[in-house]
Amino acid sequence: MIKVLLIEDQPLARIGVRTVLAGEGDIELVGEAETAAEGFRAFRELKPDVTILGLRLPDSCAIDDLDNYFIEDPKAKIIVLAEHAGDAEISRALKKGAAGYICKDVEPDELVKAIRTVAAGRKFIAEDVARILSENLGQEELTPTEQTVLRMIVGGMSNKEIAFALDISENTVKTHVKNIFDKIGVSDRTSAATTAIKRGLVRVDL
């Protein structure tokens, strides 16, 4: 029997996972939690075979929390559950040690397949997620400063405002902006903001 822990704050998503798993004879949903803190406590107590961890929780982001799970259990098998597939978030999750990445519109049989695959010690990446990753494969990663500037662009700040906030010259900001545009393949600030959100390059908490 594969013991599964679900950590997700949206009731509808939890009901969906619960309903799908109820029909599987080899999978048991042993616990549910709505927050990162509750989820980590449940992880410690229940010692699940597979943990499905919501990407956005009221008190944290799954990718930021992954290290804690692996410190607690180096063999932890975690599937990140996201609203949509942004390639930057997928890459970060997998680099941090996540065994799988699925979206909330996943088909029931894909969810079950993901759990069984991860429980068996293999990685699970759905075809649509793999396609998104491959589309941007080889693109140069943004530096920490460029990530900060991009967040400010998404926030609607001008070059002058960014320069003031970071205590750098406007010309330096312009250089960062040009490098960002080149790396993510856009030519204006609006496209940069849209692409950043779509690809998960910038976290937007709605």
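For the structure itself, look to the data block above.
Residues numbered from 1 in each chain as written. Predicted model: local features only at pLDDT ≥ 70, side-chain atom pairs only at ≥ 80, totals over all residues. Heavy atoms only, no water.

Our next topic: the sheet that holds strand E8 (residues 124-125). Taken in spatial order, the six strands make up an open sheet running E2-E1-E3-E6-E7-E8, and their pairing is parallel. Both edges of this open sheet fall to strand E2 (27-33) and E8, since each of them pairs with a single strand only. When strand E7 (residues 100-103) meets E8, the two strands line up parallel, connected through two bridges. When the bridges of E8 are listed, Gly100 appears paired with Phe124. (Pairing = 2+ DSSP bridges. Helix = DSSP H or I, 4+ residues; strand = E, 2+ residues; numbered from the N terminus.)

Let us now look at a negative patch on the surface. Taken together, Asp105, Glu107, Asp109, Glu127 and Asp128 make up a surface patch of like negative charges. Relative to the assigned elements, Asp105 resides in the loop between E7 and helix H5 (108-119). (Patch = residues over 30% accessible without salt bridge, like charges linked within 9 Å, V, L, I, M, F, W, Y side chains within 5 Å. Areas by Shrake-Rupley, 256 points an atom, 1.4 Å probe, with all protein chains shown as cover. Salt bridge = Lys/Arg side-chain N within 4 Å of Asp/Glu carboxyl O. Lys, Arg positive; Asp, Glu negative; His and termini not counted. Charge placed at Lys NZ, Arg CZ, Asp CG, Glu CD.)

By the definition in use, this model includes eleven salt bridges. In this structure, Glu8 and Lys104 form a salt bridge, with 2.9 Å as the shortest nitrogen-oxygen distance. Taken together, the positions of Glu8 in the loop between strand E1 (2-7) and helix H1 (11-22) and Lys104 in the loop between E7 and H5 put the pair 96 residues apart, joining distant regions of the chain. Take Lys104: its relative accessible area is 26%, and that puts it in the partly exposed class. In this structure, Asp182 and Lys178 form a salt bridge, with 3.0 Å as the shortest nitrogen-oxygen distance. Linking Asp182 with Lys178, this pair stays in helix H9 (residues 170-184), spanning four residues, or about one helical turn. The burial state of Asp182 is the same as that of Lys178; both residues are exposed. Salt bridges sharing partners connect three or more residues here, namely Arg14, Arg18, Glu32 and Glu34. (Buried < 20%, exposed > 50% of the residue type's maximum accessible area, 1.4 Å probe, protein only.)

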